[in-house]
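# Commentary on secondary and tertiary structure
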Amino acid sequence: MTIKKLTVFVLLTGIVCTTGHEFVSSTEKVAQLFNEEEDLLKSFSLYIDAEEKNVERMKSVLLVLQLLTYFDPANPEKTMRDPVAAYKLLRRVRSEWLTIVEYTQLSLYEVYQTLLDYSNIPQPEDLNNAASELIRLQEFYKLYPHNITRETSLNADEAYHMGLVAYNENKFQHAFLWFLYSRDRLTENSTTTEKKLLHFLSSSAYHFGSLPVAIYFSQRLLNLDPTNDEVKVELSLYKHLRFERNSNPDIFSLNTKSNNSYEALCRGEVDERTSKRQRALSCRYSTGGGNPRLMYAPVKEEVEWDEPRIIRYHDIISDREMEILKNISRPQLSRSETIQGVTNIRTSQSVFLEEDNTVARISQNIADITGLSVESAEELHVQNYGIGGRYEPHFDAWDDKNGRIATFLIYMSDVEIGGATVFPKVGVALKPKKGSAVFWYNLHKNGRVDLDTQHAGCPVLVGNKWVANKWIHEFGQEFRRPCSLSEWE
Ligand SMILES: *[C@@H]1O[C@H](CO)[C@@H](O)[C@H](O)[C@H]1NC(C)=O
Ligand SMILES: *[C@@H]1O[C@H](CO)[C@@H](O)[C@H](O)[C@H]1NC(C)=O
Ligand SMILES: *[C@@H]1O[C@H](CO)[C@@H](O)[C@H](O)[C@H]1NC(C)=O
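Residues numbered from 1 in each chain as written. Chains lettered and ligands numbered in written order. Predicted model: local features only at pLDDT ≥ 70, side-chain atom pairs only at ≥ 80, totals over all residues. Heavy atoms only, no water.

## Re empty space enclosed by the protein
Under the counting rule described, the total for this entry stands at one cavity of 30 Å³ or more. Volume-wise, the largest cavity comes out at about 160 Å³. Looking at the lining of the largest cavity, the elements that each hand over two or more residues are β6 (380-385), β7 (391-394), β8 (404-411), β13 (455-457) and β15 (465-473). Residue composition of the lining of the largest cavity, grouped by class: seven nonpolar, seven polar and three charged. (1 Å grid on protein atoms, 1.4 Å probe; cavity = no way out; pocket = protein on both sides within 12 Å on 5 of 7 lines; lining within 4 Å. Points joined across faces, edges and corners; volume = space filled by probe spheres on them. Helix = DSSP H or I, 4+ residues; strand = E, 2+ residues; numbered from the N terminus. Nonpolar A, V, L, I, M, F, W, Y, C, P; charged D, E, K, R; others polar.)

Shown next, in the form of structure tokens:
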């Protein structure tokens, strides 16, 4: 490789190494990775073909060089005393070398270059992020390694990586459980060793505060490695500490208590709608108050909650329309932001769609159903949530002139596990149902933010969540939802 090419190589790897990817926040990015993998293997195959051709060519060059020396042999004795013969030999060797160099580096670089150009290859940072997300999901949904690996198991090395990521985030209980899982799966082919695992098992238990467990694993490590002085020191420290402390938390069992209503709602532990109050809520067909466009195709409307009033509209968008919206969005998705920019409060990929025929038809449909004007509404906002994708409790509206008076949230996919929309203040969890939408007013009639409309998108545990949001603003609604000066409306 020449210097110039080497520089390009270094530059490229430099660029590649500094950019992490958003695999975690979007299932779409993961889907792209499948194509990328197929492509990558194809490029490798092309590269091998090129290598083979080059090897053939080099063999024939070698043959030519051998023939030349055969027909024009240099006589060592003559060359050593005849300066012209020596000169000839020098030239010949030089020329051979140039030829060899030329052929060994020939044109393969271009094929090689296409291999380097895979900018989407997951970086170590991406692997860590994905592991980190899995651990967050475990914390959120209180899952053991064996719960989360029921469908797809991890080998000892993968589990060890999970443990390390948890350990580095000071999540010592999850780290411990992963190291334990890894140890159960050690084989002669694992890179991870029993010694490393014993060390981390002991250390995680120590940090978690389970000294008897830390002592147990340190002792096992010492049996395996009797001359290890570090372990001896640790062991005596743990034994000493054990007498000073009297608490001994159980590192093997996850604490399943939670007083956070957002998380409990997401886990399905509470849902006020199962109470008596729910039975009073109703289901009916609506024509949007006699809207002519809905007279012959009324929408199925279900009251999900009364205060704040949350209405679910069923089958308001066709499969084809949803597919079109996803198709338009896919190439434009980028990491969603909040007022604070990109944060872990909101992990999804999203895009505001410009009006085209489909988007305009959906907007009109929303106006017809809600009876509100969408003139001052924001563009339709499509979001895709990947592994662990979530949006922590937030308000859609804030005190503002022309605030977001109402939210129309369309579910464009079912989600197998997780991904509910929850209202922690009132204890309601709404499951995504493909083709349906939910609607609520964020503002009281007097213009104040209705604090009960605080809501969250639960982390997606299994599945792929697509939603489209239409945020409708106050301007234009003066005659549609008259304001009120009352404190209570
Ligand atoms: C996880 O596993 C534990 C114990 O095996 C079980 O009791 C629990 O229900 C599982 N949790 C989930 C969410 O599957
Ligand atoms: C270890 O690798 C060898 C060679 O790939 C394979 O034959 C063997 O089954 C593997 N052992 C285990 C326990 O996976
Ligand atoms: C969406 O994109 C896929 C893949 O490119 C294509 O097969 C499908 O026909 C598109 N659907 C619509 C409704 O445009």
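What follows continues from the structure just given.
## A few points about the packing of helix α10 (residues 194-208) against helix α12 (residues 229-244)
Viewed as axis vectors pointing N to C, α10 and α12 meet at an angle of 25 degrees, and their least axial separation amounts to 12 Å. If you check the angle between α10 and α12, you find them roughly parallel. The two elements α10 and α12 cross, and the hand of that crossing is left-handed. Contacts between α10 and α12 pair His199, Ser202, Ser203 and Tyr206 from the former with Glu234, Tyr238 and Leu241 from the latter. Split into classes, the residues belonging to the contact of α10 with α12 amount to three nonpolar, three polar and one charged. (Axes fitted to C-alpha atoms, helices over the stretch in contact; angles between N-to-C directions. Parallel < 35°, antiparallel > 145°, perpendicular 65-115°, else oblique. Left-handed = near helix turned anticlockwise from the far one by under 90°. Contact = heavy atoms within 4.5 Å.)

## Side note on the sheet that holds β7
Pairing within the open sheet is antiparallel, and its four strands lie in the order β7-β13-β10-β11. Lying at the two open borders of the sheet, with one neighbouring strand each, are β7 and β11 (428-430). The sheet shows a mean angle of 15 degrees between the axes of neighbouring strands, direction not considered. (Pairing = 2+ DSSP bridges.)

## A word on the packing of aromatic side chains
Applying the stated criterion to the full structure yields 17 aromatic pairs. Taken together, Tyr160, Tyr167, Phe172, Phe179 and Phe200 form an aromatic cluster joined through their ring pairs. The lysine or arginine in question, arginine 185, covers the ring of tyrosine 181, its NZ or CZ lying 3.5 Å from the ring centre. The positively charged end of arginine 404 is found above the aromatic ring belonging to tryptophan 471, 3.9 Å away from the centroid. (Phe/Tyr/Trp six-rings, centres within 6.5 Å; stacked < 30°, edge-to-face > 60°. Lys NZ or Arg CZ within 6 Å of the ring centre and 35° of its normal.)

## Considering the site of ligand 3
Every residue lining ligand 3 is accounted for by Arg320, Glu323, Ile324 and Asn327. Glutamate 323 is positioned with one of its side-chain polar atoms (N or O) 2.7 Å from a nitrogen atom of ligand 3. Contact distances for ligand 3 include 2.3 Å between an oxygen atom and a side-chain N or O atom of asparagine 327. Burial of ligand 3 by the protein chains amounts to 37% of its free accessible area of 360 Å². Considered class by class, the residues forming the shell around ligand 3 number one nonpolar, one polar and two charged. (Near = heavy atom within 4 Å. Polar contact = N/O pair within 3.5 Å; in protein donor to acceptor, adjacent residues only side chain to side chain. Areas by Shrake-Rupley, 256 points an atom, 1.4 Å probe, with all protein chains shown as cover.)

## Concerning the environment of cysteine 283
In this fold, cysteine 283 is placed in strand β1 (residues 283-286). Taking C-alpha positions, cysteine 283 is 4.2 Å from glutamate 302, a pair spaced 19 residues apart along the chain. In contact with cysteine 283, other than residues within four places in its own chain, are Lys300, Glu301 and Glu302.

## Brief notes about a negative patch on the surface
On the surface, Glu354, Glu355, Asp356 and Glu379 cluster together into a negatively charged patch. Locating glutamate 355 in the fold gives a position in the loop between β5 (349-353) and α17 (357-370). (Patch = residues over 30% accessible without salt bridge, like charges linked within 9 Å, V, L, I, M, F, W, Y side chains within 5 Å. Salt bridge = Lys/Arg side-chain N within 4 Å of Asp/Glu carboxyl O. Lys, Arg positive; Asp, Glu negative; His and termini not counted. Charge placed at Lys NZ, Arg CZ, Asp CG, Glu CD.)

## A look at the layout of surface pockets
Estimates place the volume of the second largest pocket at around 420 Å³. Around the second largest pocket, the lining is made up of 22 residues, and of these Glu337, Thr338, Ile339, Arg346 and Tyr391 lie nearest the centre. Listing elements by their share of the lining of the second largest pocket, those giving two or more residues are β4 (334-335), β5 and β7. The residue inventory of the lining of the second largest pocket, partitioned by class, reads nine nonpolar, eight polar and five charged.

## Some thoughts on the sheet that holds strand β12 (residues 437-441)
Taken in spatial order, the nine strands make up an open sheet running β1-β2-β3-β12-β8-β15-β6-β5-β4, and their pairing is antiparallel. This sheet does not close on itself; its edge strands, each paired only once, are β1 and β4. Taken together, the two bridges between β4 and β5 define a ladder with antiparallel strand orientation. Across the sheet, residue arginine 335 finds its bridge partner in β5, namely glutamine 349. Across the face of the sheet, helix α16 (residues 319-329) comes into contact with β5, β6, β8 and β15 while running at roughly 105 degrees to β5. Of the strands in this sheet, β2 (299-305), β3 (310-314), β5, β6, β8, β12 and β15 touch α17, which is tilted by about 120 degrees from β8.

## Details of the packing of helix α8 (residues 156-168) against helix α9 (residues 172-184)
It is at 8 Å that the axes of α8 and α9 come closest, and there the two elements cross at 165 degrees. Classified by the interaxial angle, the pair formed by α8 and α9 is roughly antiparallel. Crossing angle aside, the handedness with which α8 passes α9 is left-handed. Seen from α8, the contacting residues are Ala156, Ala159, Tyr160, Met162, Gly163, Leu164, Ala166 and Tyr167; seen from α9, they are Phe172, His174, Ala175, Trp178, Phe179, Tyr181 and Ser182.

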